[in-house]
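# What the coordinates show
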Amino acid sequence: MAAQLREREVDLLVLKQGIDTSTPGGRLQFHMFGAFDEFLRELIVEGTLEGLASARARDRVGGRPAALNAHGVEMARALYEMKGDDGKRRYTVPQIADRR
């Protein structure tokens, strides 16, 4: 993105940090901050992937537990498919969800 802005001769002026990309020093500062942010993001991704792999190795799975067992899912689907006398669905999704 920085290269695209430079091609279009667009400069960035950040008042709080004193960055002005119309100067060589400002461009250096802008690129350094971008490089640090990219580095930190990659460290976070790497740590997350390592943590997930470690959890999988211990037979742990993340995420929220299932709200319904197989029977509950079957019942919810059956209720959803039920039709009333008018040919429309007998129960709305919120009504089915409230039956848990």
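This one's a predicted model, so the numbers in the text were calculated from it and none came from an experiment.

What follows is about a negative patch on the surface. Negative charge collects at one region of the surface, where E38, E42, E46 and E50 lie side by side. Its location among the elements puts E50 in helix α2 (residues 24–57). Residue E50 is classed as exposed on the basis of its relative accessible area of 51%.

Considering all chains together, one arrives at 0 aromatic pairs under this definition. Positioned above the aromatic ring of Y80 is the side chain of R89, whose terminal nitrogen or guanidinium carbon lies 3.9 Å from the ring centre. The ring of Y91 has R99 sitting right over it, with the charged end atom 5.0 Å from the ring centre.

In this model, E9 sits at a positive phi of 60 degrees, which is unusual for a non-glycine residue. Relative to the elements of secondary structure, E9 occurs in the loop between α1 (2–7) and β1 (13–14). Owing to a relative accessible area of 70%, E9 belongs among the exposed residues under this scheme. Positive phi outside glycine occurs at D59, with the angle close to 55 degrees. Position of D59 relative to the elements: it lies in the loop between α2 and α3 (70–81).

The next subject is the side chain of T21. For T21, the position within the fold is in the loop between β2 (19–20) and α2. Not counting residues within four places of it along the chain, the set of residues in contact with T21 comprises D11, L12, G26, R27 and F30.

With 34 residues, α2 extends 49 Å from end C-alpha to end C-alpha; this agrees with the ideal 50 Å at 1.5 Å per step. Among the residues trailing α2, D59 stands out with phi positive, at a value near 55 degrees.

Moving on: α3. With 12 residues, α3 should cover 16 Å at 1.5 Å per step; its first-to-last C-alpha distance of 17 Å lies within 8% of that length. Taking the backbone nitrogen of H71 as reference, a side-chain oxygen 3.2 Å away marks N69 as the first, capping residue of α3.

Within the chain, residue pLDDT values average 90, and 99% of them lie at 70 or more. Taking the mean pLDDT of every element in the chain, the minimum, 78, falls on α1 and the maximum, 94, on α3.

A contiguous nonpolar patch, built from L28, M32, F33 and F36 and spanning about 400 Å² of accessible area, is present on the exposed surface. Among the structural elements, M32 can be located in helix α2. Overall, the relative accessible area of 40% leaves M32 in the partly exposed class.

Criteria and cut-off values
- All residue numbers here refer to positions counted from 1 along the written sequence of the relevant chain.
- The predicted origin of the model limits local features to residues at a pLDDT of at least 70 and limits the giving and counting of side-chain atom pairs to 80 or more, whereas totals for whole chains, interfaces and linings rest on all residues.
- In computing side-chain properties, one takes all heavy atoms of the structure into account and sets aside hydrogens as well as water.
- To count toward a patch, a residue needs a relative accessible area above 30% and no salt bridge. Like charges then connect within 9 Å, nonpolar side chains (Val, Leu, Ile, Met, Phe, Trp, Tyr) within 5 Å.
- We get accessible surface area from the Shrake-Rupley algorithm with a probe of 1.4 Å; when it comes to residues, only the shown protein chains can shield them.
- Each reported salt bridge corresponds to a side-chain nitrogen of Lys or Arg within 4 Å of a carboxyl oxygen of Asp or Glu.
- Just so you know, the count uses Lys and Arg for positive and Asp and Glu for negative, and it drops His and the chain ends.
- In plain terms, the charge of a residue is placed at NZ if it is Lys, CZ if Arg, CG if Asp and CD if Glu.
- Each helix is a run of H or I in the DSSP string that is no shorter than four residues. Each strand is a run of E no shorter than two, and both are numbered from the N terminus.
- Between buried and exposed lies partly exposed: a residue is buried under 20% and exposed over 50% of the maximum accessible area for its type, with that area taken using a 1.4 Å probe on protein chains only.
- Only the six-membered ring of Trp is used, alongside the rings of Phe and Tyr, when aromatic pairs are assigned; centres must lie within 6.5 Å, and planes under 30 degrees apart are stacked while those over 60 apart are edge-to-face, with the rest tilted.
- Over a ring means this: the NZ of a Lys or the CZ of an Arg is within 6 Å of the ring centre and within 35 degrees of the ring normal.
- Note on contacts: a residue pair is in contact if any heavy atoms of the two residues lie within 4.5 Å.
- Expected span of a helix: the number of residues minus one, times 1.5 Å.
- Polar contacts, as counted here, are pairs of nitrogen or oxygen atoms within 3.5 Å of one another; within protein the pair requires one atom able to donate a hydrogen and one able to accept it, and residues that are adjacent in sequence qualify only if both atoms are side-chain atoms.
- For every residue, the predictor assigns a confidence score, pLDDT, that lies between 0 and 100.

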